[in-house]
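Residue strings, one per chain:
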Amino acid sequence: MMTSRVDLHTHSTFSDGVLSPTELIDLAYRRGVRIMALTDHDTTDGLAEAFAAAAPYPDLTLIPGVEISTDIPGSEVHVLGHFIDWQNQEFQRRLLHMRQSRLRRARKMVDKLAALGKPVSWERVQSLASEGAVGRPHIARALVEAGHITTVNEAFNLYLSRNGPAYVEREHLTPAQVVEIIVAVNGLATLAHPRDLGQLEEFLSQLMTAGLIGMEVYYQDYSPEEVQRLRAVAERFALIPLGGSDYHGLGGPQEREPGDVPLPEEPVERLLALARERGALEAV
Ligand code: AMP
Ligand code: ZN
Ligand code: FE
Ligand code: FE
């Protein structure tokens, strides 16, 4: 596939990605990406390094971003925030709270695995997460290392997916609250990877009231037919059809390299125009 010049969804070691922000930006730039967002889970701690890494590339625009997840009955909902005023103190306080909640949740999942006869060391999970926001991929890697299974994907399929025996729900924020948290820091909120969400349209109405402006349409292994369906939904709701690779560097069947997503320029221009209107583009 041709590399897109834009990638609005990536992860680094500051959450559950395997590349540091510097390595990630160098890789994306080498691949031809010229507009990119770092969207780590529940943290912006990688952004300072990312901006330093982007500085030597005058033709690279780095968008400060974040991805915040919530559970709803039956599925999970992830929301991306782009052009966030990430240094806002109240916002940082909220993110810290979310990361502390991630630690409690991961600990419970590790306890469940032990009860299932698949023990992994909590210290090892924490050290895999290093300075970053801990998540299921870290537990999955610990399971592989412990020899219980052979791939991260298998860890999700057998234990850690939403319906898996070691899954633990997040402590609750509603998706609308997540959108509001992003909007409160002047961010542009986009619903991430919506393909498998039931009652998508009902849900979109609620999120648009909270301030949602976009929806991921171009994403990883979404087929042309799925893209077309989601594009039509986005159009009906006047949401900008965005997307990204969601690169983590973990390997596996869905993995795409940075920029490896058929995101057209036109919706990106609309996102940038909104950011410009809010004075957020000059601030980057
Ligand atoms: P958490 O934020 O702890 O709930 O973990 C969710 C993260 O796990 C997602 O953001 C994905 O990056 C990753 N993930 C979900 N399913 C899989 C899978 N089958 N294989 C690898 N990573 C996955
Ligand atoms: Zn992730
Ligand atoms: Fe996600
Ligand atoms: Fe993601």
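So, how was this worked out
- Residues numbered from 1 in each chain as written.
- Chains lettered and ligands numbered in written order.
- Predicted model: local features only at pLDDT ≥ 70, side-chain atom pairs only at ≥ 80, totals over all residues.
- Heavy atoms only, no water.
- Helix = DSSP H or I, 4+ residues; strand = E, 2+ residues; numbered from the N terminus.
- Rg over C-alpha atoms; globule rule 2.2 N^0.38 Å.
- Buried < 20%, exposed > 50% of the residue type's maximum accessible area, 1.4 Å probe, protein only.
- Areas by Shrake-Rupley, 256 points an atom, 1.4 Å probe, with all protein chains shown as cover.
- Core = buried A, V, L, I, M, F, W, Y, C linked by side-chain atoms within 4.5 Å.
- Contact = heavy atoms within 4.5 Å.
- Donors = N, O, S within 2.8 Å, 3.2 Å for Na, K, Ca; no water.
- Tetrahedral: all angles 85-135°; square planar, octahedral: opposite > 155°, others 65-115°.
- Pairing = 2+ DSSP bridges.
- Axes fitted to C-alpha atoms, helices over the stretch in contact; angles between N-to-C directions.

In terms of regular secondary structure, the chain is built from 11 helices and seven strands. Its C-alpha radius of gyration of 18 Å places the chain within 12% of the 19 Å reference for a compact globule of 284 residues. Over its C-alpha atoms, taken along the principal directions, the chain stretches across nearly 55 × 45 × 40 Å. Within the chain, the fraction of its 284 residues that count as buried is 55%. In the structure as shown, the chain presents an accessible area of about 11900 Å², 52% of it carried by carbon and sulfur atoms.

Formed by 70 residues in total, the largest nonpolar core has its most connected members in F83, L191, L204 and M215. If sequence neighbours within four positions are ignored, M215 has contacts with T190, L191, P194, L200, L204, L230, V233, A234, L239, I240, P241 and L242. Ranked by size, the runner-up nonpolar core spans 21 residues in total, among them L128, I139, A140 and V152.

With distances of 2.1 to 2.2 Å, the protein atoms coordinating the iron ion (ligand 4) are H9 (NE2), H11 (NE2), E67 (OE) and D246 (OD). Considering all four donor atoms around the iron ion (ligand 4), the spread of angles at the metal, 78 to 163 degrees, places the coordination shape in the irregular class. Site description for the iron ion (ligand 4): donor spacing in sequence, H-x1-H-x55-E-x178-D. Between the iron ion (ligand 4) and the zinc ion (ligand 2) there is a metal-metal distance of 4.5 Å. Residue E67 is located in strand β3 (residues 61–72), and its partner D246 is located in the loop between β7 (240–244) and α10 (265–277); the two are separated by 179 residues in the primary sequence.

Taken in spatial order, the seven strands make up an open sheet running β1-β2-β3-β4-β5-β6-β7, and their pairing is mixed. Of all strands in the sheet, those bounded by a partner on one side alone are β1 (6–7) and β7. Two elements, β3 and strand β4 (residues 75–82), share eight bridges in a ladder whose sense is antiparallel. Bridge pairing in β4 places T70 opposite V77. Sheet strands in contact with helix α1 (residues 21–30) are β2 (35–38) and β3, and its direction is about 155 degrees off that of β2.

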